[in-house]
Amino acid sequence: AYTGKIENYPGLVEPVSGGELLSRFRDQAVKFGARYIETQVTGVRLDTDIKEVQTMDGAYQGKTVIIASGAMGRKPAIPGEEKYLGKGVSYCATCDGAFYRNLTVCVAGDSEEALKELEVLTGFAKTVYLIAPSKKLAVAPGHPPLNSEKVHVIPGHRLASIEGEELVTKIIIKNMETGEPRELDVDGVFIYIQGSLPVVDFLNSDVSINEKSCIVMHGSTETSVPGVYAAGDVTCSEIRQVIIAAAQGVTAALSADRYIRGRKRLKSDWRKS
């Protein structure tokens, strides 16, 4: 939804924004009979034969539920983060790294995820700054991406603000001990301070969730509750791209159809004879 440009989805000759691609998905679904309702989900009841999803506008019931609430659980907390989301701020190097070919970017965070994404960015960017709050990284000195000439590690600093005009142009970082500020010119900011947590607060533990707030999968898209499926980043898929989420969505929908109709196998060919 917030990505400024997507061009790695099949069939896209020219890049489009995430919002535009979502709009196309929605229009296609509505054309085929889907009913689109935009509202806030407040809770669910999934332990009965007929499941119920409670929202601000009332309750919706069905034999199956597909959870595809994504992974934007971390709320923007850094000044400029929300303003430049999709305009230089990203949470996924695998998704957006190619847009920063031969440019300068920074990775904020020192988690394992941050270091994995750092490695992805070294394949595209000219310079990659790693802004690490801790003084010492929790990896061996010879960790592959840290050996790259492109990588500049700045330990003991935090990301204080993100600034720019239409797009990101610079960041302000501060020393964790002294508070002394430092300015860096960058074109992109990849944030992994707390990770992009799956949005599962509304589930009330009705399905199994692991310690990382990911929905525990039993098969391709099946959750711990029969008739309830999950797709996309809420499952913490290793590869977080639109095409992966879309493929999981298709599998979840076909699985839901099989559950409702008592089929033994998925029906993948829907042509009318």
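Predicted model only: the values in this text are computed from it and were never measured.

Structural notes on the overall build of the chain
Move 1: Counting its regular elements, the chain contains four helices and 13 strands.
Move 2: For the C-alpha atoms alone, the extent of the chain along its principal axes is close to 65 × 40 × 40 Å.
Move 3: Looking at the chain as a whole, 38% of its 273 residues are labelled buried.
Move 4: In the chain, once contacts between residues fewer than 6 apart in sequence are set aside, the share between residues at least 24 apart is 49%.

Focus: the side chain of Lys51
Move 1: Here Lys51 is to be found in strand 2 (residues 51-55).
Move 2: Buried charge without a partner: Lys51 forms no salt bridge, and the closest opposite charge is Asp49, 5.8 Å away.
Move 3: A polar side-chain atom of Lys51 sits 3.3 Å from the main-chain carbonyl oxygen of Pro226.
Move 4: Beyond its immediate chain neighbours, meaning those up to four positions away, Lys51 contacts Arg45, Leu46, Tyr60, Gln61, Gly62, Lys63, Thr64, Val65, Val225, Pro226, Gly227 and Val228.

With respect to the pattern of salt bridges
Move 1: Under the criterion given, the structure shown has seven salt bridges.
Move 2: Here Arg45 makes a salt bridge to Asp47, at a shortest N to O gap of 3.6 Å.
Move 3: A relative accessible area of 61% places Asp47 in the exposed class.
Move 4: Residue Lys135 is joined to Glu177 by a salt bridge in which the shortest nitrogen-to-oxygen separation is 2.4 Å. Here Lys135, found in the loop between strand 7 (127-132) and strand 8 (151-155), pairs with Glu177, found in the loop between strand 10 (168-175) and strand 11 (181-185); they are 42 residues apart in sequence, far enough to count as distant.
Move 5: For Glu177, a relative accessible area of 59% corresponds to the exposed category.
Move 6: If you follow the salt bridges from partner to partner, you end up with Glu163, Lys170 and Glu183 in one network.

Regarding the sheet that holds strand 3 (residues 58-62)
Move 1: In space, the three strands of this open sheet follow the order 1-2-3, with antiparallel pairing throughout. The open sheet has two edge strands, strand 1 (41-45) and strand 3, and neither has a second partner. Going across the sheet, the axis of each strand differs from the next one's by a mean of 20°, ignoring polarity.

Quick word on the sheet that holds strand 7
Move 1: As summarised here, the arrangement of the five strands in space is 5-12-6-7-8, forming an open sheet in which the pairing is parallel. A single partner strand is all that each edge strand has here, and the edge strands are strand 5 (89-90) and strand 8.
Move 2: Relative to strand 7, strand 6 (residues 104-108) is paired through five bridges, and the arrangement is parallel. Bridging from a neighbouring strand, Thr104 pairs with Thr127 of strand 7.

Regarding the nonpolar core
Move 1: Of all hydrophobic cores here, the largest spans 19 residues; its most connected members are Leu159, Ile162, Ile171 and Val189.
Move 2: Counting only elements with at least two residues in this core, the list comes to strand 6, strand 7, strand 9 (157-164), strand 10 and strand 12 (188-191).
Move 3: Looking at this core element by element, the count peaks at three residues for strand 10.
Move 4: Excluding residues that lie within four positions of it along the chain, Ile171 makes contacts with Cys106, Ile131, Leu159, Ser161, Ile162, Arg182, Glu183, Leu184, Val186 and Val189.
Move 5: Ala114, Ala125, Ala132 and Tyr192 belong to the second-largest nonpolar core, a separate cluster that totals 17 residues.

Some details on the confidence of the model for the chain
Move 1: Per-residue confidence for the chain gives a mean pLDDT of 88, with 93% of residues at or over 70.
Move 2: Here helix 2 (residues 93-96) stands out as the element of the chain with the lowest mean pLDDT, 82, in contrast to strand 4 (residues 65-67), whose mean of 98 is the highest.

Quick notes on the rules
Residues numbered from 1 in each chain as written. Predicted model: local features only at pLDDT ≥ 70, side-chain atom pairs only at ≥ 80, totals over all residues. Heavy atoms only, no water. Helix = DSSP H or I, 4+ residues; strand = E, 2+ residues; numbered from the N terminus. Buried < 20%, exposed > 50% of the residue type's maximum accessible area, 1.4 Å probe, protein only. Contact = heavy atoms within 4.5 Å. Lys, Arg positive; Asp, Glu negative; His and termini not counted. Salt bridge = Lys/Arg side-chain N within 4 Å of Asp/Glu carboxyl O. Polar contact = N/O pair within 3.5 Å; in protein donor to acceptor, adjacent residues only side chain to side chain. Pairing = 2+ DSSP bridges. Axes fitted to C-alpha atoms, helices over the stretch in contact; angles between N-to-C directions. Core = buried A, V, L, I, M, F, W, Y, C linked by side-chain atoms within 4.5 Å. pLDDT = per-residue confidence, 0-100.

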